[in-house]
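# Secondary and tertiary structure notes
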Amino acid sequence: MFRYRLPAGPGAGGFGRSPAAVRASGAAWIHNIEYYMGANPCQRAADTAVDIMNAKLKQSVVRSWTGPGGYRQVLAVGIPLVMSMISNTIMQFTDRVFLSNYSLETIAAALPAGIASFLFISFFMGVGEYVSVFVAQYTGAGRHERVGAALWQGIWFCLPAWVILASLGLLAETIFGFSGHAPHVVELEVTYFRILSMGAGFAVLSAVLSCFYSGRGMTKAVMLVNMAGMLINVPLDYFLIYGVGPFPEMGIAGAGLATVMGGAMPCVLFAFLIFRQENERLFRIRSAWRPDMELLRRLMRYGLPGGIQFFLDMFAVTFFIFVVGRLGTTELAATNIIMSLDSVAFLPCVGLQIAVSILVGQYIGAGKPDHGARATRHAAHLGMLYMGSLGVLYVFAPEPILHLFRPMDMTPEQFLPVEHMGVIMLRFVAAYSVLDALVLVYSGALKGAGDTRFVMWTILASSLGVMIVPLYVSIAFFRIDYIVPWTIFFSYALTLATVFAIRFHQGRWREMRVIEESTAPATLATAATSGKPHSGAAEPVAEPAATSVTESESESGAGSVADVEPRPERDKNSKGQGK
């Protein structure tokens, strides 16, 4: 045994300490020496195992949080998009609450007309929004000079889209004449639908313009612009529905006008931010305005399946609402309220879907699909956590939420049938909302890689075979209540979640690419070295390596494809030419 000699010093115990304190210190030294020399090997082994487990857990948490595709990167790209979707959710939610308080007929008419309008918008928006994948893959590949051209192809697509959408207002009476709803409800639906159709082009154009920022991972700008639209829409909703101050009381027509004006504001702000000289220098945002038929063809090739998929999905939801509406006005009003609450859970998760598409697209362009797979897994975890939390709220506190939608001219007793149905319906929402998170994240990853045809055919088969046909058969040949349609809706979500998860884990998307193969980076580097601009690039030449991430940066999380801006390279001959 080692001997421990007490230190000498002033005072009885040395160094001015009492003898008891010195003896305690000596005992501690002896204990430590015995421990590390193996006097207690079992305890030392147990403590070592615990230390190793804690270190591995800490390392796993740090690794999941940092680096390409980590939680931090997904949140950095996704939170602004989620906030953008939340601003849209607030607009829709307040619109529904105001209309519910106005009258039961207006809320019964608002959701069918609003969804029918968005049904047609969804096709054109699904095609136009695919510009973000092109921007993401060009960014990941370091070909920044092609970003402006990709954006302009989407803008050209918006022009015929707006004409078609506006002309659909002429068919409003025919469309809602087949709904089977009460005549006074149909009249309100026609009014709301026509107003929304006239301003539908703003929604498509805003979605396309936002791709300039979202495709490069700069999602804060998208968030701020959409919030500005919300700040216009919500007050106008209140003023125009109820007739506050100098505004006339317009009811559901006022809600439609407020929605259109709120949609126009983002277009104006995006145009002001995008078409600046700085963006021309880096991305050719002005000079690449001419139609590029090859690039437009590629956008149609990959974007059209995305538009069809979006349309089919919305058609299934629209058919569901119309079928429930045939059961009665109370069932329709309760369903409209619950679908409005469902959007509170669903739309923010669409922000995660867009974030996943961006990150997967950028990493596909950079040739690093493993990072895209990592981002998808982490986004799925975040989506399920968010959806699951709201599901718990919907199950354990449904009544206070439902009372937000009670019309002012109805007593609590009169509202009771709607409330009873709503409680049951919210349980269905809680059950399938986690599945919705998986559907959105996995389909977003597949679309970001270019696997849009599979997504389209899956939505087509599922919407027809699992949703539309069973709903039609049940309503046409059997006496059913509202439980049956909601059970079918849950089955639809379960089918999509299962199929998309299997497709993602098969990994075929890793080899896909939507942008053209090119030797542009090498050519650009040569052009920059020689001082002569390449014919396909803006001057000054964007440095191709600007978006690359070093291994050290990847491990630390300091760099990512999503947050690196291109740096213009200085012309080496510019000083000599200036003399």
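Bear in mind that the values here come from a model prediction, so they are computed numbers and not experimental data. (Residues numbered from 1 in each chain as written. Predicted model: local features only at pLDDT ≥ 70, side-chain atom pairs only at ≥ 80, totals over all residues. Heavy atoms only, no water.)

Secondary structure assignment for the chain yields 22 helices and zero strands. Looking at the chain as a whole, 52% of its 579 residues are labelled buried. Contacts in the chain between residues far apart in sequence, at least 24 positions, make up 80% of those at least 6 positions apart. In the form shown here, the chain has an accessible surface area of approximately 25,800 Å², with 65% of it arising from carbon and sulfur atoms. (Helix = DSSP H or I, 4+ residues; strand = E, 2+ residues; numbered from the N terminus. Buried < 20%, exposed > 50% of the residue type's maximum accessible area, 1.4 Å probe, protein only. Contact = heavy atoms within 4.5 Å. Areas by Shrake-Rupley, 256 points an atom, 1.4 Å probe, with all protein chains shown as cover.)

This part takes up the nonpolar core. Soluble globular proteins tend to bury their nonpolar side chains together. By size, the foremost hydrophobic cluster in this structure holds 150 residues, and its most contacted members are Phe-134, Phe-320, Leu-341, Met-467 and Trp-486. For this core, the leading source of residues is helix α17 (residues 412-449), giving 19 residues. When neighbours within four sequence positions are excluded, Trp-486 is seen to be in contact with Phe-320, Thr-335, Ile-338, Met-339, Met-425, Phe-428, Val-429 and Tyr-432. (Core = buried A, V, L, I, M, F, W, Y, C linked by side-chain atoms within 4.5 Å.)

Evaluation of the coordinates by the stated rule reveals six salt bridges. We note a salt bridge from Arg-146 to Asp-292, for which the minimum N-O separation is 3.4 Å. In this pair, Arg-146 sits in the loop between α5 (131-140) and α6 (147-167) while Asp-292 sits in the loop between α12 (277-283) and α13 (293-325), placing the two residues 146 residues apart along the sequence. Judged by its relative accessible area of 16%, Arg-146 falls in the buried class. For Asp-292, a relative accessible area of 23% gives the class partly exposed. Several salt bridges share partner residues, and in doing so they unite Glu-294, Arg-297 and Arg-298 into one network. (Salt bridge = Lys/Arg side-chain N within 4 Å of Asp/Glu carboxyl O.)

In this model, the chain carries an average pLDDT of 77, and 78% of its residues clear a pLDDT of 70 or more. Taken as a whole, residues 1-15 scores under 50 in pLDDT and shows 24 contacts with residues more than four places along the chain or in a different chain. Segment residues 519-579 is flagged for pLDDT under 50; beyond a separation of four residues in sequence, or across chains, it makes 93 contacts in the model. (pLDDT = per-residue confidence, 0-100.)

Another point: the environment of Met-293. Counting through the fold element by element, Met-293 comes out in helix α13. When its relative accessible area of 58% is taken as the criterion, Met-293 is described as exposed. A sequence separation of 140 residues divides Met-293 from Gln-153, and the C-alpha atoms of the two residues are 8.6 Å apart.

Assignment of secondary structure puts Thr-376 in helix α15 (residues 369-396). Engagement of the side chain of Thr-376 in a polar contact is seen with the backbone oxygen of Gly-372, the distance being 2.9 Å. (Polar contact = N/O pair within 3.5 Å; in protein donor to acceptor, adjacent residues only side chain to side chain.)

Quick look at the layout of surface pockets now. Over the atoms, a rolling probe the size of a water molecule traces out where space has been left empty. In this structure, the largest pocket encloses a volume near 330 Å³. Forming the boundary of the largest pocket are 14 residues, of which Phe-178, Phe-315, Thr-318, Phe-319 and Phe-322 lie nearest the centre. Counting residues per element, the lining of the largest pocket draws most heavily on α13, at five residues. Taken together, the residues of the lining of the largest pocket sort by class into eleven nonpolar, two polar and one charged. (1 Å grid on protein atoms, 1.4 Å probe; cavity = no way out; pocket = protein on both sides within 12 Å on 5 of 7 lines; lining within 4 Å. Points joined across faces, edges and corners; volume = space filled by probe spheres on them. Nonpolar A, V, L, I, M, F, W, Y, C, P; charged D, E, K, R; others polar.)

Below, the discussion takes up the environment of Thr-191. Within the fold, Thr-191 resides in helix α8 (residues 183-198). Look at Thr-191 and you get partly exposed, because its relative accessible area is 33%. Sequence separation between Thr-191 and Ile-252 is 61 residues; the distance between their C-alpha atoms is 7.7 Å.

A few words now on unusual backbone geometry. At Arg-284, a position not held by glycine, the phi torsion is positive, near 55°. Summarising the element assignment, Arg-284 is placed in the loop between α12 and α13.

Using the criterion set out here, one finds 27 aromatic pairs in the structure. Chaining the aromatic ring pairs together yields one cluster made of Phe-98, Tyr-102, Tyr-238, Phe-239, Tyr-242 and Phe-247. Sitting above the plane of the Phe-454 ring, Arg-503 keeps its charged end 4.2 Å from the centroid. (Phe/Tyr/Trp six-rings, centres within 6.5 Å; stacked < 30°, edge-to-face > 60°. Lys NZ or Arg CZ within 6 Å of the ring centre and 35° of its normal.)

Take helix α9 (residues 200-214) next. Helix length check: α9 (15 residues) gives 21 Å between terminal C-alpha atoms against 21 Å at 1.5 Å per residue, within 8%. Taken residue by residue, α9 has Ala-200, Gly-201, Val-204, Ser-206, Ala-207, Val-208, Leu-209, Ser-210, Cys-211, Phe-212, Tyr-213 and Ser-214 as its buried positions. (Expected span 1.5 Å × (residues − 1).)

Before going further, it helps to spend a moment on a nonpolar patch on the surface. Where nonpolar side chains cluster on the molecular surface, the patch consists of Leu-464, Val-469, Tyr-472, Val-473, Phe-477 and Phe-478 and spans about 620 Å² of accessible area. Relative to the assigned elements, Leu-464 resides in helix α18 (residues 452-477). (Patch = residues over 30% accessible without salt bridge, like charges linked within 9 Å, V, L, I, M, F, W, Y side chains within 5 Å.)

Quick look at the packing of α17 against helix α19 (residues 483-506) now. At a minimum axis separation of 8 Å, α17 and α19 run at an interaxial angle of 25°. Put simply, α17 runs roughly parallel to α19. In this structure, α17 meets α19 at a crossing whose hand is left-handed. Considering only residue class, the contact of α17 with α19 consists of 23 nonpolar, three polar and two charged. (Axes fitted to C-alpha atoms, helices over the stretch in contact; angles between N-to-C directions. Parallel < 35°, antiparallel > 145°, perpendicular 65-115°, else oblique. Left-handed = near helix turned anticlockwise from the far one by under 90°.)

Attention now moves to helix α14 (residues 329-365). Look at α14: 51 Å from first C-alpha to last across 37 residues, which is about the 54 Å you get at 1.5 Å a residue. Of all the bends in α14, the largest measures some 35° and sits at Ser-343. Of all 37 residues that make up α14, 32 are buried, and the element is covered over most of its length. Of the residues trailing α14, Gly-367 is marked for its positive phi of about 75°. (Bend = angle between axes of the 7 residues up to and from the residue.)

In this section: the packing of helix α4 (residues 104-128) against α14. Close contact between α4 and α14 brings their axes to 9 Å; oriented N to C, the two are set at 60°. Taken together, the axes of α4 and α14 lie oblique to each other. You can see that α4 and α14 cross each other, and the crossing is left-handed. Residues Leu-104, Ile-107, Ala-108, Leu-111 and Pro-112 of α4 form the contact with α14, whose own contacting residues are Leu-332, Ala-333, Thr-335, Asn-336 and Met-339. In terms of residue class, the contact of α4 with α14 is built from eight nonpolar, two polar and no charged.

Looking at the element boundaries, Leu-347 is found in helix α14. Measuring from C-alpha to C-alpha, the distance between Leu-347 and Ser-84 comes to 9.2 Å, with 263 residues separating the pair along the chain. Aside from chain neighbours lying at most four places away, what touches Leu-347 is Met-85, Thr-89 and Gln-92.

Let us look at the state of the cysteines. Here the structure, examined in full by the defined rule, presents zero disulfides. In this structure Cys-267 is not part of a disulfide, and its nearest cysteine sulfur, from Cys-158, lies 8.3 Å away. (Disulfide = S-S within 2.5 Å.)

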